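Chains, contacts and geometry: an overview
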Amino acid sequence: MTAVSIENLVKSFGNLVAVNDVSLEVREGEIYALLGPNGAGKTTTIKMLMGLLDPDSGSAKVFGVDSTENPVEVKNLVGYVPEEQQLYDSLTPRELFNFIASIRKLPQEMITKRMKEFVKALDFEQYYDNMIVTLSLGNKQKTMLIAALLHRPKLLILDEPFSSLDVRSAKIMKDIVKIHTENGGSVLMSTHVMEVAEGLCDRVGIIDEGKLIAEGTLDELRSKSDRVGANLESIFLKLTEQEEEVAEGVSVLREALAD
Amino acid sequence: MNRSESWRAAGVVAQEVRFQSFLEANPANLARVKENPEKISKALKSQSRMSIFFSSMILIMLAVLALVASAFDPDFANPEATLAVGFAVYLTLSFVVIFFLNLTTTSGLFTSGAMSLPSILPLTRVELEQLNFMTFVRIFIAPVLLSLIIFPVGCLLIFGPIVAMIALVACASTVSVAIGALIKVSKWFHKKTHQTDESRASAFIRVAASLGIVIGMISIYSIGSYLPDLIRFIISLSSTAGEGFFTILALIFPFSFGFLAASIPYSTVVPLETFLASIAGTAFYAGIALLSFKRSGESLRAITLGGISTSSPGLLKEVEVETRTPLMGMIRKDLQLATRNIGSAFIFAVPIFLVVMLYPMIQYWGEGPMRSITALTALEYANLFGGISLVSVLMFDTQGASIHEGLPVSSKLILRSKTVIMMVPYAFSMIALDVVFLLNAPISAWILLMPIIQIPCGYVLGMTVGAAVFKIRGGGRAVAVNVTNDQAIGIVAGAVAAGVGIVPLVGYGLAMMATGSHIISITVQGLALLLMVLLARFQIPNLLKD
Ligand SMILES: Nc1ncnc2c1ncn2[C@@H]1O[C@H](COP(=O)(O)OP(=O)(O)O)[C@@H](O)[C@H]1O
Ligand SMILES: [Mg+2]
């Protein structure tokens, strides 16, 4: 069974077509990266998949559950880390996790045991009773991650998970993603950072101005762009037809910086 | 260290104490202080100026009104009781004002060692104690001085020097007791909040402190018409209990001071035993106040030199997860959020707000017994407040969008949890209104049933107002709204609540006009509500979307 199947998804905001006829699949057990510049439509796609936005047309399914028809069930299946981090500032992680476990109807004993493991693994014990507002960005991210992983979802959806992390936290995040897939889980993440997609992901979908312009493993993308051994950056620029634009911009810049 | 150096140093410590308490009072400040310390200290300065201004305004108004009411209230027959009760009411209210307006500041006395700051300096014990005392004086100087000056001076002008002296003793005693109570409560508060196990008490104090501020504000607006009524009310209650009752009152704080003061200008009217009782009472309470003053000094000394022992804050609590049903989990989370934010405490103050606002209004609406139309109007006001309190509950979730987006919660569950929370102050409002009705001698005892029957309307209001907000702002999905930057939604909420909540009241009114029978009218009101509850229960969830 496919973890995510998105078919001909369209969403416009006024005149702007933010997501334009996107179709993609995330298979079970794989890490899929939605790669694209800022404003490409990654977050909008993910929000429709989570049932937070209604698509104009097309459909999105998680393990066969339709996101528009049954968003609550979709959220039951998914662990979601959104792009912006708005946690409950004046709660402590303890209170937040109590809340989440209650909403998800997780059995108390089992979840306490699991929480102990998480807290130990992430070195989080001394922050467990501090107000979230006082936590550092990395610790907030950990809070968010525990919140998303608490119910052992089969699918993780991470929207720009590395954008605000320092080296250490980013490493932890990558490890978590890997462990999650080793246990048979799937991951859909969005990113505008090449290295992330290149090093971590099984398959990449390149999205630009709302359109999915290419999809596949790194090798498949190389052959599509006729570039043997190329890195993702040049593939990306070729496929988004920005190569000339960028080159032009660079030469202008070079002049500007020359004297 | 001489006195003036000590005084200046005390200013620094006092500033730090204010800063700590400001941070403690609102957790969100903790975040901002990292990013923008100047802004925070500016906000703090303006806030402490505001709080001095408010304390002064409130105390001045209370003093002027109490004096005016007790000296120039022409239509009352017991002038001595009027003066005594006016005196006592002033003392009580000034106690409340001093206590609550300074609660957050005082708790700062004990936080993060602001007071032990000087103990690292090369000072002798005596110098330290002096510094301590001055810090304390600097923190409370404004309300204390005001309280010691305004009322006695007023008494001097109206009743002469002897009454003024009594007033001074009375005010000094009240201040001393209030500050003693403040220190005790703050110490206990500090202990509770910094023990690693329980934080329930701290939530309670935060709510109480916020309520104190809200009540302070309300007094400013409404005490003008309220104070004379309060005095009259206490006197009429007492005189129905018989003449001897005044003598008993004279033994009780703060009436002792009042009756002693009243014995001077009205020596011919006040019975001897009341006079003697008031002297005994005054001596007793002045003694207690003196004791409390000494105790406060000792407490303060203990803080600087010993600190307050809380169970070691380094001790980590065991990691565990406590689950509830989804609905209860949601409500628990909302209450935790509510008690940590001074602003959200407004919702708990709604019943008080209503009573303070409506009581004088009801008095002015009509001569003679209270009629149904007065009750209907009061209940409609409560509906309006109900709508607004629901929107304040919706404000709690503006913080946690990222968490909410990933959670499998149906909009219906969210709506139900917000409604349950909002129903509590609504039910209290109804009970409070019932008491107000009772005090205003309703034309028929059946009127007392109206608020009780209206209680389930809280459910209807919560569900409809919530659904309307979700529909307008979220297209049917549950949303959080923030009234501070979206006032329109507050107005919508008030309008929807007023429009929906008026239906059973109109039913009552029409039935009353048609039949003139209270029983039939109440039945109509009840039936209308029953129908609305059923509609809200089964139809409104269909308007929502997940
Ligand atoms: N609620 C909205 N209203 C109007 N425009 C929006 C809204 N959300 C996103 N957009 C626009 O849609 C485009 C895609 O946005 P988004 O999906 O957030 O991009 P990405 O996540 O790839 O950076 C952007 O141009 C953005 O400005
Ligand atoms: Mg995005």
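The notes below deal with the structure included here. All of these numbers come straight from a predicted model, not from anything done at the bench.

1. Structural notes on the coordination of the magnesium ion (ligand 2)
Residue and element names in this part refer to chain A. Of the protein atoms, only Thr-43 (OG1) and Glu-83 (OE) coordinate the magnesium ion (ligand 2), at distances of 1.9 to 2.7 Å. Of the two residues, Thr-43 is situated in helix α1 (residues 42-49) and Glu-83 in the loop between β6 (78-81) and α3 (93-103); the sequence distance between them amounts to 40 residues. For Glu-83, a relative accessible area of 35% translates into the label partly exposed.

2. Considerations on the pairing of strand β3 (residues 31-35) of chain A
All names here are of chain A. Across the five residues that make up β3, a large majority, five, are buried. Here β3 shows a buried face lined by Ile-31, Ala-33 and Leu-35 and a second buried face lined by Tyr-32 and Leu-34. Of the strand pairs in this sheet, β3 and strand β8 (residues 186-191) are connected by five bridges, and their pairing is parallel. Each bridged residue has a counterpart across the sheet, and for Tyr-32 the counterpart in β8 is Leu-188. Judged from the four bridges that link them, β3 and strand β9 (residues 203-208) form a sheet pairing that is parallel. For Tyr-32, the partnering residue across the bridge sits in β9 and is Arg-203.

3. Side note on the sheet that holds strand β1 (residues 4-13) of chain A
Residues and elements named next belong to chain A. In spatial order, the strands read β2-β1-β4-β5; together these four strands make up an open sheet with antiparallel pairing. Across the chains shown, the open sheet's two edge strands, defined by having one partner strand only, are β2 (16-26) and β5 (65-66). Sheet topology note: the strand β4 (residues 57-62)/β5 ladder contains two bridges and is antiparallel. Paired with Val-62 across the two strands is Val-65, which belongs to β5. The sheet contacts of α1 involve β1, β2 and β4, and relative to β1 the element is tilted by about 120°.

4. Here we look at the interface of chain B and chain A
Facing the 41 residues of chain B at the interface are 50 residues of chain A. Contact with chain A buries surface across chain B, with Val-319, Val-321 and Glu-405 of chain B losing the most and accounting together for 18% of the total. Joining chain B to chain A, the criterion identifies four salt bridges. A salt bridge links Lys-116 of chain A to Glu-318 of chain B; the nearest nitrogen and oxygen atoms lie 2.9 Å apart. Linking chain B to chain A there are 15 residue pairs in polar contact (both at pLDDT 80 or more). Counting only elements with at least two residues in the side of chain B that touches chain A, the list comes to α2 (27-35), α12 (326-339) and α15 (401-406) of chain B. For the side of chain B that touches chain A, the element with the highest residue contribution is α12 of chain B, accounting for seven residues. Across the side of chain B that touches chain A, the residue classes break down as 16 nonpolar, 11 polar and 14 charged.

5. Quick look at the pattern of salt bridges
Using the criterion set out here, one finds 12 salt bridges over all chains in the structure. Here Asp-175 of chain A makes a salt bridge to Lys-171 of chain A, at a shortest N to O gap of 2.9 Å. Linking Asp-175 of chain A with Lys-171 of chain A, this pair stays in helix α6 (residues 167-182), spanning four residues, or about one helical turn. Look at Asp-175 of chain A and you get partly exposed, because its relative accessible area is 27%. Residue classification places Lys-171 of chain A among the partly exposed positions, given a relative accessible area of 48%. A single salt-bridge network, built from bridges that share partners, covers Asp-54 of chain A together with Arg-477 and Lys-545 of chain B.

What counts, and at which threshold
- Residues numbered from 1 in each chain as written.
- Chains lettered and ligands numbered in written order.
- Predicted model: local features only at pLDDT ≥ 70, side-chain atom pairs only at ≥ 80, totals over all residues.
- Heavy atoms only, no water.
- Donors = N, O, S within 2.8 Å, 3.2 Å for Na, K, Ca; no water.
- Helix = DSSP H or I, 4+ residues; strand = E, 2+ residues; numbered from the N terminus.
- Buried < 20%, exposed > 50% of the residue type's maximum accessible area, 1.4 Å probe, protein only.
- Pairing = 2+ DSSP bridges.
- Contact = heavy atoms within 4.5 Å.
- Axes fitted to C-alpha atoms, helices over the stretch in contact; angles between N-to-C directions.
- Buried area = accessible area lost by both parts, 1.4 Å probe.
- Salt bridge = Lys/Arg side-chain N within 4 Å of Asp/Glu carboxyl O.
- Polar contact = N/O pair within 3.5 Å; in protein donor to acceptor, adjacent residues only side chain to side chain.
- Nonpolar A, V, L, I, M, F, W, Y, C, P; charged D, E, K, R; others polar.

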